[in-house]
Amino acid sequence: MKKPSLHQPILIFFLATLLLLIVTVHSQPSPSPSPSPSDDSDFIQTSCNTTLYPDVCVSSLSNFSTYVHNDPALLARAAISVTLSKALELGKYLSNVSTLLEIHEDGGHHPTAAAVFHDCFENLKDAIDEMRGSMKQMRNLVTTGSLESFRFQMSNVQTWLSAALTDEETCTDGFKDVQDEPRKDEVCARVDDVKKLTSNALALVNRCVDNAIH
């Protein structure tokens, strides 16, 4: 008997998450007049130099230079938004691959690959949920209270992003046992791209906390 396809609930999940991301972007307050573009770009470059992947950081955030206004919290928020968007794109790709492998599995082909892709997708879903939690906390961030309150709020963001990074790393663990699957290398490369963005976002959140303390 043919197994029921996960395609429809997967599609609903990602459409709902994408809608939330769109609403989040459009609900952000209009920025006030910013410093010169060169100052904004220098701020992004300096901030990205503290990450593990500075070139990726700069290229992914350069379009936000007039939005962040030399504000570490806004830069961290932009980094999380970019990461979430990239993770959603990867999720759509994985949902398509998983559906195709389900069909192959019914015919007796690639059963291990089908299971690994499904596990990777489930881990990615968890990572996306954790990124959404980070975005919600950053949107509701209160910077006018005590330092302890600020650190508590940011610790939530740090915890969620750390968990997302762990889920992304777990996503590709099972591929070590997969042989002769043509999509394996592409999936691992795309997950690696999301991991780099997540790592950078976490580093920028850490920098935001350090700046507040010092």
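The rules behind each value
Residues numbered from 1 in each chain as written. Predicted model: local features only at pLDDT ≥ 70, side-chain atom pairs only at ≥ 80, totals over all residues. Heavy atoms only, no water. Helix = DSSP H or I, 4+ residues; strand = E, 2+ residues; numbered from the N terminus. Expected span 1.5 Å × (residues − 1). Buried < 20%, exposed > 50% of the residue type's maximum accessible area, 1.4 Å probe, protein only. Disulfide = S-S within 2.5 Å. Core = buried A, V, L, I, M, F, W, Y, C linked by side-chain atoms within 4.5 Å. Contact = heavy atoms within 4.5 Å. pLDDT = per-residue confidence, 0-100. Salt bridge = Lys/Arg side-chain N within 4 Å of Asp/Glu carboxyl O.

**Quick notes on helix H7 (residues 147-171)**
The terminal C-alpha atoms of H7, which comprises 25 residues, lie 36 Å apart, in line with the 36 Å expected from a rise of 1.5 Å per residue. Among the residues of H7, Phe150, Gln153, Met154, Val157, Leu161, Ala164, Leu165, Asp167, Glu168 and Cys171 are the ones counted as buried.

**Structural notes on the state of the cysteines**
Applying the stated criterion to the full structure yields two disulfides. A sulfur-sulfur distance of 2.0 Å marks the disulfide that ties cysteine 48 to cysteine 57. Since a negative S-S torsion denotes a left-handed disulfide, the cysteine 48-cysteine 57 link at about -65° is left-handed. The exposure classification of cysteine 48 matches that of cysteine 57, with both residues buried. Disulfide pairing is shown between cysteine 120 and cysteine 171; the S-S distance is 1.7 Å. Disulfide cysteine 120-cysteine 171: the torsion about the S-S bond is 55°, which places it as right-handed.

**Some details on the nonpolar core**
Grouped together as the largest cluster of nonpolar side chains are 54 residues, with contacts concentrated most on Leu61, Ile80, Leu94, Phe117, Met138 and Met154. Breaking this core down by element, the ones donating at least two residues are helix H2 (37-48), helix H3 (54-61), helix H4 (65-68), helix H5 (72-106), helix H6 (111-139), H7 and helix H8 (184-213). In terms of residue count, H5 provides more of this core than any other element does, 16 residues in total. When near neighbours in sequence (up to four residues on either side) are disregarded, leucine 61 contacts Ile44, Cys48, Leu75, Ala78, Ala79, Val82 and Leu204.

**Here's the deal with the confidence of the model for the protein**
Scored by pLDDT, the protein has a mean of 82; 76% of the residues are at 70 or more. Mean pLDDT across the secondary structure elements of the protein bottoms out at helix H1 (residues 7-26), with 53, and peaks at H3, with 97. Every residue in residues 22-35 is under pLDDT 50, and counting partners more than four places away or in other chains gives 14 contacts.

**Concerning the environment of threonine 159**
By the secondary structure assignment, threonine 159 is in helix H7. Note: C-alpha distance between threonine 159 and serine 134 (25 residues apart in sequence) is 8.7 Å.

**Things to note about the side chain of serine 199**
Locating serine 199 in the fold gives a position in helix H8. The class for serine 199 is buried, based on a relative accessible area of 12%. In contact with serine 199, other than residues within four places in its own chain, are Leu52, Tyr53 and Leu165.

**Quick word on the pattern of salt bridges**
Note that side chains of opposite charge can pair when their charged atoms are close. The tally for this structure, following the rule as stated, stands at five salt bridges. A salt bridge links arginine 132 to aspartate 129; the nearest nitrogen and oxygen atoms lie 3.8 Å apart. With arginine 132 and aspartate 129 both in helix H6 and three residues apart, the pair spans about one turn of that helix. On the accessibility criterion, arginine 132 (29% relative accessible area) is partly exposed. You can call aspartate 129 partly exposed: its relative accessible area is 38%. In this structure, glutamate 181 and arginine 183 form a salt bridge, with 2.9 Å as the shortest nitrogen-oxygen distance. Residue class for glutamate 181 comes out buried when judged on its relative accessible area of 6%.

**Re unusual backbone geometry**
In this model, histidine 69 sits at a positive phi of 55°, which is unusual for a non-glycine residue. Mapped onto the fold, histidine 69 is located in the loop between H4 and H5. You will see that asparagine 70, though not glycine, has its phi angle at about 60°, which is positive. The exposure class of asparagine 70 is partly exposed, given its relative accessible area of 32%.

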